Structure formats: structure tokens, C-alpha cells
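Spelled out from the first residue to the last, the chains are:
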Amino acid sequence: MDDIKIRQIAVDDVYYSQIYDLREEVLRKPIGLSLKNEDLSGDADDIILGAILDNKVVGCLMIHPTDAVHKVKIRQMAVADEWQGKGLGRMLMTEAEQHSWRNNKTHIILHARVTAQPFYDKLGYHTTSDVFTEVGIPHVVMEKMKP
Ligand SMILES: CC(C)(COP(=O)(O)OP(=O)(O)OC[C@H]1O[C@@H](n2cnc3c(N)ncnc32)[C@H](O)[C@@H]1OP(=O)(O)O)[C@@H](O)C(=O)NCCC(=O)NCCS
């Protein structure tokens, strides 16, 4: 884990295609969907964090601006299969929170897959909605305020 570095990745960065591939493998293929059918133009507005080991992206998330100036939405949280359960998701979320709080954001919102709800629970996120369907699977809204 010590060798993994988290860095910000722009859409014209060489690592962006690896971010795309990881999202496709971890977030879309298992539910029978493809990013090819989605409009990804909004990616350019996001702060994209990648976890990199030996020039390979092994985890990512994206911080998306919202209409509310102090609120951001975290989306596309993914850890490569072989790295899951080793603390990398927590490391990426901690980095995203620190980045957000540093930049005068006070409120983080996300749409959690119900299967990942316990992960966000452990990081202090509160469920604030009923279950709803997104990308064909159950989700809930979860939120955290700046401590
Ligand atoms: C969900 C995901 C991002 C978590 O990342 P991770 O690196 O595997 O999680 P971590 O190892 O940092 O786990 C942190 C804590 O959450 C727990 N946790 C992680 N995923 C969990 C899950 N799905 N269910 C229950 N607990 C979970 C871990 O056991 C750990 O608990 P601990 O602190 O008591 O040891 C990752 O497993 C993943 O990419 N899953 C597939 C895609 C996905 O569901 N993304 C989220 C979409 S909303």
C-alpha cells in the first residue's frame, strides 16, 4: 500500500484511459453495461483522483461539482478487484474529503450502491433517501458534512 500514490488526473492525462478502463471493468461490465453508451463529457468538469502503483491505475473516484457552491458529489468510486478490501477505497475517499474541505466545500453527497452502503457507513456517511434504481441496480443517497 505504501507504494500507491494518489494523484489528480485530467481528461487529457495519459492515465485517463486507464481510469476509463477501470470504471468499465469494475463499475459497468459486472452489471452488463458499458461506458460506451454514456455521455462522458462531464468528466472534464470533475476532479479525478487515481491511485497509481507501478504506472498502473488500481483505484479511482471523481469529485463532481453541483449547483450548490459548497456541495460536491463523489461518483465512480472503483477499486481494482485484486486490490479490494485492503484499505484503498478508504484512502481514496479520505483524500477526496481532504481535497473538498480544503477547497471550501462543506457537504459531500453520493449515490451509493446498496452493496457498498456499509463501506460508506464506516467512513461516516449517513443514508438520506429511500432505495432507488440507478444504472439498473439499487442505490441510496448518502451524505457527509465537513466535521
Ligand atoms: C466498494 C469499494 C469502493 C470499497 O473499496 P475497498 O478498497 O474494497 O474498501 P476498503 O478496503 O478501503 O474498506 C474500508 C472498510 O469498509 C469495509 N467494506 C468495504 N467494502 C465493503 C462492502 N462492500 N461491504 C461491507 N463492508 C465493506 C471494509 O471491510 C473496511 O472495513 P474495516 O475498516 O472495518 O476494515 C470497492 O470494494 C469496489 O470498488 N467495489 C466494486 C465497485 C463498487 O461497488 N463501487 C462503489 C459504487 S457506489
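Fair warning: this is a prediction, and the values are worked out from it, not measured in the lab.

(A) Examining helix H1 (residues 16-28) more closely. Between its terminal C-alpha atoms H1 stretches 17 Å, which fits the 18 Å expected from 13 residues at 1.5 Å a residue. Residues of H1 that are buried: Tyr16, Ile19, Leu22, Arg23, Glu24, Val26, Leu27 and Arg28. Here the buried face of H1 lies against strand S2 (47-53), strand S3 (56-65), strand S4 (71-79) and strand S5 (107-113).

(B) Here's a closer look at the packing of aromatic side chains. Summed over the entire model, instances satisfying the criterion amount to two aromatic pairs. Measuring from centroid to centroid gives 6.1 Å for tyrosine 120 and tyrosine 125, while their planes differ by 75 degrees, and the two rings are edge-to-face. Assigned by exposure class, tyrosine 120 and tyrosine 125 land together as buried. These aromatic residues form a ring-pair network of at least three members: Phe119, Tyr120 and Tyr125. Between lysine 86 and the ring centre of tryptophan 83, over which it is positioned, the NZ or CZ distance is 5.8 Å.

(C) Spotlight on the nonpolar core. Counting 39 residues, the largest nonpolar core has Leu61, Met93 and Tyr125 as its most contacted members. Put simply, the parts of the chain that give this core at least two residues each are H1, S2, S3, S4, helix H2 (88-102), S5 and strand S8 (137-145). With six residues, S3 is the single largest residue contributor to this core. Look past the residues within four positions of leucine 61 in its chain and what remains in contact with it is Ile47, Ile48, Leu49, Ile74, Arg75, Gln76, Met77, Leu92, Met93 and Ala96.

(D) Structural detail: the environment of glutamine 84. Tracing the backbone through its elements, the reader meets glutamine 84 in the loop between S4 and H2. Of the residues examined, glutamine 84 reaches a relative accessible area of 43% and is grouped as partly exposed. Considering only alpha carbons, one finds glutamine 84 and glycine 59, 25 residues apart in sequence, at a separation of 9.1 Å. Within the structure, glutamine 84 has its side chain in polar contact with the backbone oxygen of valine 79 (distance 2.9 Å).

(E) Geometry of the site of the ligand. Close to the ligand lie 21 residues, the nearest being Val79, Gly85, Gly87, Gly89 and Arg90. Within the backbone of glycine 85, an N or O atom sits 2.8 Å from an oxygen atom of the ligand. In a pocket analysis with a 2 Å cut-off to the grid points, the ligand is assigned to the largest pocket. Among the elements of the structure, H1, S4, H2, S5 and helix H3 (117-122) are those that each provide at least two residues to the shell around the ligand. It is H3 that contributes the most residues to the shell around the ligand, four residues altogether. Classifying every residue of the shell around the ligand by side-chain character gives 11 nonpolar, six polar and four charged.

Rules used in this analysis
Residues numbered from 1 in each chain as written. Predicted model: local features only at pLDDT ≥ 70, side-chain atom pairs only at ≥ 80, totals over all residues. Heavy atoms only, no water. Helix = DSSP H or I, 4+ residues; strand = E, 2+ residues; numbered from the N terminus. Expected span 1.5 Å × (residues − 1). Buried < 20%, exposed > 50% of the residue type's maximum accessible area, 1.4 Å probe, protein only. Contact = heavy atoms within 4.5 Å. Phe/Tyr/Trp six-rings, centres within 6.5 Å; stacked < 30°, edge-to-face > 60°. Lys NZ or Arg CZ within 6 Å of the ring centre and 35° of its normal. Core = buried A, V, L, I, M, F, W, Y, C linked by side-chain atoms within 4.5 Å. Polar contact = N/O pair within 3.5 Å; in protein donor to acceptor, adjacent residues only side chain to side chain. Near = heavy atom within 4 Å. 1 Å grid on protein atoms, 1.4 Å probe; cavity = no way out; pocket = protein on both sides within 12 Å on 5 of 7 lines; lining within 4 Å. Sits in = over half its atoms within 2 Å of the grid points. Nonpolar A, V, L, I, M, F, W, Y, C, P; charged D, E, K, R; others polar.

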